[in-house]
Amino acid sequence: MAGRQDELAREQEVVDRLYARLDTLRASARARLADVRRSGPSGSPQNRSERDAFATLYSDRAARLDAVEDRLAFGRLDLDDGEQRYVGRIGLTDDEHRSLLTDWRAPAAQPFYRATAVQPDGVRRRRHVVTAGRTVTGIEDELLDLDAVTDGIDATTLSGEGALLASLAQRRTGRMGDIVATIQAEQDRIVRDELAGALVVQGGPGTGKTAVALHRAAYLLYAHRRLLERSGVLLVGPSRAFLRYIDQVLPSLGETGVVATTVAELVPGLRADAVEDGAAAEVKGRLLWRDAVRRAVRARERVPAADVPVRVDGVDLRIRRRDVRDAIARARRTHKPHNEARPTFVREMLNRLVDQYRTRTDAELSDHDVAVLLEDLRSDRDVRVALNLAWFPISAEKLVSDLWAKPHRLAQAAPELSAAERLLLHRAPGFPWTEADVPILDEAAELLGEDDSVAKAEARAREAARVAEVEYARRVLESSGAGGGLVDAETLASRFAESGPLLTTAERASADRTWTYGHVVVDEAQELSPMAWHAIVRRVPTRSLTIVGDVAQTSSAAGARSWDRALDAVLGGHWRIAELTVSYRTPAAVADAAQRVADAAGLPTSPLTAARDLPGALVLAPSTDPVDAAARAAADLAKEHVGPDGAGRVAVVAAAGTVPGLRAALADLLPAVLGSEEAARLAVQRPEDAQVTVVTPRDTKGLEYDAVVLVEPRDIVGAQGAGGRWGDLYVAMTRPTQRLVVVHAHELPAGLVHEG
Ligand SMILES: Nc1ncnc2c1ncn2[C@@H]1O[C@H](COP(=O)(O)OP(=O)(O)OP(=O)(O)O)[C@@H](O)[C@H]1O
């Protein structure tokens, strides 16, 4: 083994040099930061904001360098021409700009993920370097030499199998980690796919769709930094819990500027956390709301039933129906949103009233007289009421809450709905918003706009100032040499902005409903309703999207069972699809059983091959007392998998009605099985950090656990047979990385029966 020890020692030397370089760069970023901060609070506002901008720049750089500590370098390519190229989390060069480490996203790193013996791409050997902290603990070589190929090679051949299996075997921490060291070829093709257009990634559970989507976001930010740093990247996930689960991945890849949100949070400042019936959510998810909201808005632009008499300055005037009709037509011709077109309507009406006044009184009116008269008309209560009734200034919230609370408004706006469907949507005034309301509110906000003439004037002034700042920033960058691809004049200028705190693109974007992004990533995309798609696509006019999901896992009634049907309406058929087929999460026995169940239920599954199997991964446990049996199984699994260091996750997954009973049974049992101290430690964990947890299938969406106890599959599916919640069962079965125990009193669904 002397050869291997020598190799390890050699790699250790290289890794030591790379960390030394990293330390030097960190020290230099810190020193620059300290210099900038030391320069004190003196100077002109211009100087101060310049100093703040550089402080942000250097602290960003220091934070990025800090984030890449773990597994800084993880690969080596030995090329045909004798070059050895190290691949790692970021690119590093020495003082003479010679490459020490190649960023995993650079074209030069691509063969690390793609080269095969059949297509070696100039690579002789691929080496995975495994490190713990800064110590090299292992190496794994693949010779990409056709002579070394014994068996046939197929699409599922794993690269760096040892490193991959080691990472899959690790205890789960409740936070997703990056997979940068072991991205597989089929995944890499998706990660590096071009920016333009909409890419749909369909794949069964555990095929790495989420991981791939996040690595793709990091890749695109690297490959198109100038464009995307300014416009931003939006990530839409299914829930806050899910966003928390993945929130360390992008920072570990050196990217912190991505805006992460859920559909419920898509409109800044709006809380939509109430839960509603799936049937109502399905109706609210239909595309018909584009027309319905338009009609609801139009209903606030209304010609009165009869002329309205008003008396101004002792003169009798009439708000005439035909004037209102003409003024409405005129305002609509501006093609502005309702509230923004309102001043045109009002101006038009007031001018017509002035004309009437002139005719009635037969008076010569000077400019001054007209101005005074206009002011009188504007402040007259009756005139105001009549004009408001004809063109009502209204907020999105008020418009939509009127639709839900006032049956006649809904009937008028959405005549295509049946009376039963309309009844489903009825709410008492003051109800809280739900997720399905948000795309409708967004549509309303879009069609209403804001009456923001003052804000607009301010924005124009700010834009003029910004142009000057960009010019200034360009000069600063030229003279300081701080550009180097890390920051451009626009970015720096936005940080120079004198007013308010220094906002990053992500901060500005997340506070602005009308922001348009350079790229949008949608995860668990099968859950989105057509209206939610409409709201998301609006935010990316270039239609540059990465859409990942699995139409076999859909649980929302408004979600998609086919990508064609979900996307053609909003993307006009302009999207491409890639498929992932290897399940990295779930052991083969579990993945195969889940696949059989899903196929028997007729779900639109993708082909799925598990990357590994584990003995005893699937246990079927019949019991006459499933609650007790599930609690016992979970306690035993907790003993096996849950560590006091916070690693290891066990979930009991059950239909909602059983959850409270299971929680109580488990709480009673854990002290006896784990000891009272360990049980007490677990008992006080926050729900999102809980190492042992009892949840419904929908709570587990996108997440994973070391072991899962699945309680009574029949209850999860529900009584409807073929129309039941099979997607939920498919999700629940495919959460464990190590073991699935199915506890049941009733008959198991087809496909879940022990074969042989
Ligand atoms: N190339 C890889 N190397 C190491 N781990 C990987 C790789 N690909 C995926 N994994 C791991 O497999 C697990 C499943 O990945 P992920 O959650 O991205 O799958 P998914 O397709 O989004 O699943 P689901 O459809 O169930 O939400 C994760 O723990 C992920 O880190």
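About the thresholds
- Residues numbered from 1 in each chain as written.
- Predicted model: local features only at pLDDT ≥ 70, side-chain atom pairs only at ≥ 80, totals over all residues.
- Helix = DSSP H or I, 4+ residues; strand = E, 2+ residues; numbered from the N terminus.
- Contact = placed C-beta atoms within 7 Å.
- pLDDT = per-residue confidence, 0-100.
- Near = placed C-beta within 6 Å.
- Nonpolar A, V, L, I, M, F, W, Y, C, P; charged D, E, K, R; others polar.
- UniProt positions renumbered as here; feature names shortened; annotations may be inferred.
- Axes fitted to C-alpha atoms, helices over the stretch in contact; angles between N-to-C directions.
- Parallel < 35°, antiparallel > 145°, perpendicular 65-115°, else oblique.
- Buried ≥ 20, exposed ≤ 12 C-beta atoms within 10 Å, placed from the backbone.
- Pairing = 2+ DSSP bridges.
- Core = buried A, V, L, I, M, F, W, Y, C linked by C-beta atoms within 7 Å.
- Left-handed = near helix turned anticlockwise from the far one by under 90°.
- Expected span 1.5 Å × (residues − 1).
- Bend = angle between axes of the 7 residues up to and from the residue.

Colleague: Can you walk me through the overall build of the protein chain in this structure?
Modeller: When helices and strands are tallied, the protein chain shows 30 helices and 21 strands. Pairs at least 24 apart in sequence give 75% of the contacts found in the protein chain among residues at least 6 apart.

Colleague: Teacher, can you tell me more about the confidence of the model for the protein chain here?
Modeller: When pLDDT drops low, the exact placement of atoms in the prediction is not to be read closely. For the protein chain, per-residue confidence averages 89 on the pLDDT scale, and residues scoring 70 or more make up 89% of the total. Across residues 151-156, where pLDDT falls below 50, the model places 6 contacts with residues more than four positions away in sequence or in other chains. The complex model carries a pTM of 0.87, and its ipTM stands at 0.99.

Colleague: I'm lost on the site of the ligand in this one. Help?
Modeller: In the vicinity of the ligand there are 24 residues, among which P205, G208, K209, T210 and Y584 approach most closely. Residue composition of the shell around the ligand, by class: 8 nonpolar, 12 polar and 4 charged.

Colleague: It is not clear to me how the UniProt feature "binding site: ATP" (unreviewed entry) in the protein chain should be interpreted in this structure. Could you clarify?
Modeller: Within this numbering scheme, the UniProt entry marks G203, G204, P205, G206, T207, G208, K209 and T210 as carrying the feature "binding site: ATP" (unreviewed entry). Relative to the helices and strands, G208 is located in the loop between β7 (198-203) and α6 (209-223). If we ignore the near neighbours within four places in the chain, the residues touching G208 are I179, Q187, L580 and Y584.

Colleague: Is there a simple way to explain the packing of helix α25 (residues 588-600) against helix α30 (residues 726-733) in this structure?
Modeller: A pair of packed helices is characterised by two quantities: the angle between their axes and the separation of those axes. Contact geometry for α25 and α30: axes closest at 9 Å, N-to-C directions at 175 degrees. Taken together, the axes of α25 and α30 lie roughly antiparallel to each other. Contacts between α25 and α30 involve V590, A593, A594, V597 and A598 on the former and, on the latter, W726, L729, Y730 and M733. Along the lines of polarity and charge, the residues of the contact of α25 with α30 split into 9 nonpolar, no polar and no charged.

Colleague: Help me out: how do you make sense of unusual backbone geometry in this one?
Modeller: Phi at H97 is positive, roughly 65 degrees, even though this residue is not glycine. Tracing the backbone shows H97 in the loop between β3 (92-93) and β4 (99-103). By C-beta crowding, H97 is classed as exposed, having 6 other C-beta atoms within 10 Å. Positive phi, normally seen in glycine, also occurs at E524, with a value near 50 degrees. Mapped onto the elements, E524 comes out in the loop between β12 (519-522) and α23 (530-538).

Colleague: Please explain the environment of V303 as it appears in this structure.
Modeller: As for its placement among the helices and strands, V303 is situated in the loop between α11 (289-298) and β10 (308-312). Along the primary structure V303 and S379 are separated by 76 residues, whereas in three dimensions their C-alpha atoms are 21 Å apart. When near neighbours in sequence (up to four residues on either side) are disregarded, V303 contacts R321, V324, R325, I328 and A390.

Colleague: Hey, could you run me through the sheet that holds strand β14 (residues 575-580) in this one?
Modeller: Backbone hydrogen bonds are what pair the strands of a sheet, in a parallel or an antiparallel way. One open sheet accounts for 6 strands, arranged β9-β8-β12-β13-β7-β14; its pairing is parallel. Among the strands making up the open sheet, the edge pair consists of β9 (258-262) and β14. Within this sheet the neighbouring strands show an average axis-to-axis angle of 15 degrees, counted without direction. Pairing geometry for β12 and strand β13 (residues 545-549), over 3 bridges, is parallel. Bridge assignment links V521 to a residue of β13, and that residue is T546. Contacts from α6 reach β7, β8 (233-237), β9, β12, β13 and β14 within the one sheet, and its direction differs from that of β13 by about 165 degrees.

Colleague: I'm lost on the sheet that holds β3 in this one. Help?
Modeller: The strand order across the open sheet built from 6 strands is β3-β4-β2-β1-β5-β6, with neighbouring strands paired in mixed fashion. Because the sheet does not close on itself, it has two edges, and the strands there are β3 and β6 (135-143).

Colleague: It is not clear to me how the environment of A569 should be interpreted in this structure. Could you clarify?
Modeller: The topology assignment puts A569 in helix α24 (residues 563-571). The class for A569 is partly exposed, based on 14 C-beta atoms found within 10 Å. Along the primary structure A569 and L287 are separated by 282 residues, whereas in three dimensions their C-alpha atoms are 8.7 Å apart. Apart from residues no more than four positions distant in its own chain, A569 is found in contact with L287 and P530.

Colleague: In this structure, what is going on with the nonpolar core? I would like to understand it.
Modeller: In globular proteins that are soluble, nonpolar side chains generally tend to be buried together. Ranked by internal contacts, the top residues of the largest apolar core, which has 174 residues, are A217, A630, A634, V652, L662, V709 and M733. Excluding anything up to four places from it in sequence, M733 contacts V590, A593, A594, V597, L710 and L740. With 19 residues, the next largest nonpolar core counts I319, A331, L353 and L373 among its residues.

Colleague: What am I meant to see in the pairing of strand β21 (residues 736-744) here?
Modeller: Along a regular strand, successive side chains alternate from one face of the sheet to the other. Taking burial as the measure, the 9 residues of β21 include 9 buried ones, the bulk of the element. Pairing of strand β20 (residues 705-711) with β21, which is carried by 6 bridges, proceeds in the parallel orientation. Its bridge partner being in β21, Y705 is matched across the sheet by P736.

Colleague: Mind showing me how you'd approach the packing of helix α26 (residues 626-641) against helix α27 (residues 659-674) here?
Modeller: At a closest axis distance of 9 Å, the pairing of α26 and α27 adopts a crossing angle of 45 degrees. Relative to α27, the element α26 lies oblique. With respect to the hand of their crossing, α26 and α27 are arranged in right-handed fashion. Contacts between α26 and α27 involve V627, D628, A630, A631, R632, A634, A635, D636, A638 and K639 from the former and G661, L662, A665, L666, L669, L670, V673 and L674 from the latter. Its residues assigned to classes, the contact of α26 with α27 shows 13 nonpolar, 1 polar and 4 charged.

Colleague: In this structure, what is going on with α27? I would like to understand it.
Modeller: Quick reminder: α-helices carry 3.6 residues per turn. Residues three or four places apart thus point the same way. Between the first and last C-alpha of α27 there are 21 Å, a value that for 16 residues agrees with the 22 Å anticipated at 1.5 Å per step. Where α27 bends most, at D668, the angle is about 30 degrees, and the proline P671 comes one to four residues later. When α27 is considered as a whole, its buried residues turn out to be L662, A665, L666, L670 and L674. Next to the buried residues of α27 lie α26, β18 (650-653), α28 (676-683), β19 (692-695) and β20. Two residues or fewer past α27, G675 is found with a positive phi of approximately 95 degrees.

Colleague: Please clarify how the pairing of β18 should be interpreted in this entry.
Modeller: Burial of β18 is two-sided: the residues V650 and V652 facing one way and the residues A651 and V653 facing the other way are all buried. Of the pairings in the sheet, the one linking β18 to β19 comprises 4 bridges and is parallel in character. Paired with V653 across the bridge in β19 is V695. For β18 and β20, the ladder comprises 4 bridges, and the chain directions are parallel. Within β20, the position partnered with A651 by the bridge is V708.

Colleague: I would appreciate a short explanation of α25 in the present structure.
Modeller: The first and last C-alpha atoms of α25 sit 18 Å apart over 13 residues, in line with the 18 Å expected at 1.5 Å per residue. Buried residues of α25: V590, A591, D592, A593, A594, Q595, V597 and A598, and no others. If you follow the buried residues of α25, they end up packed against β15 (582-583), β16 (609-610), β17 (618-622), α30 and β21. Remark: G602 follows α25 within two positions and exhibits a positive phi of approximately 80 degrees.

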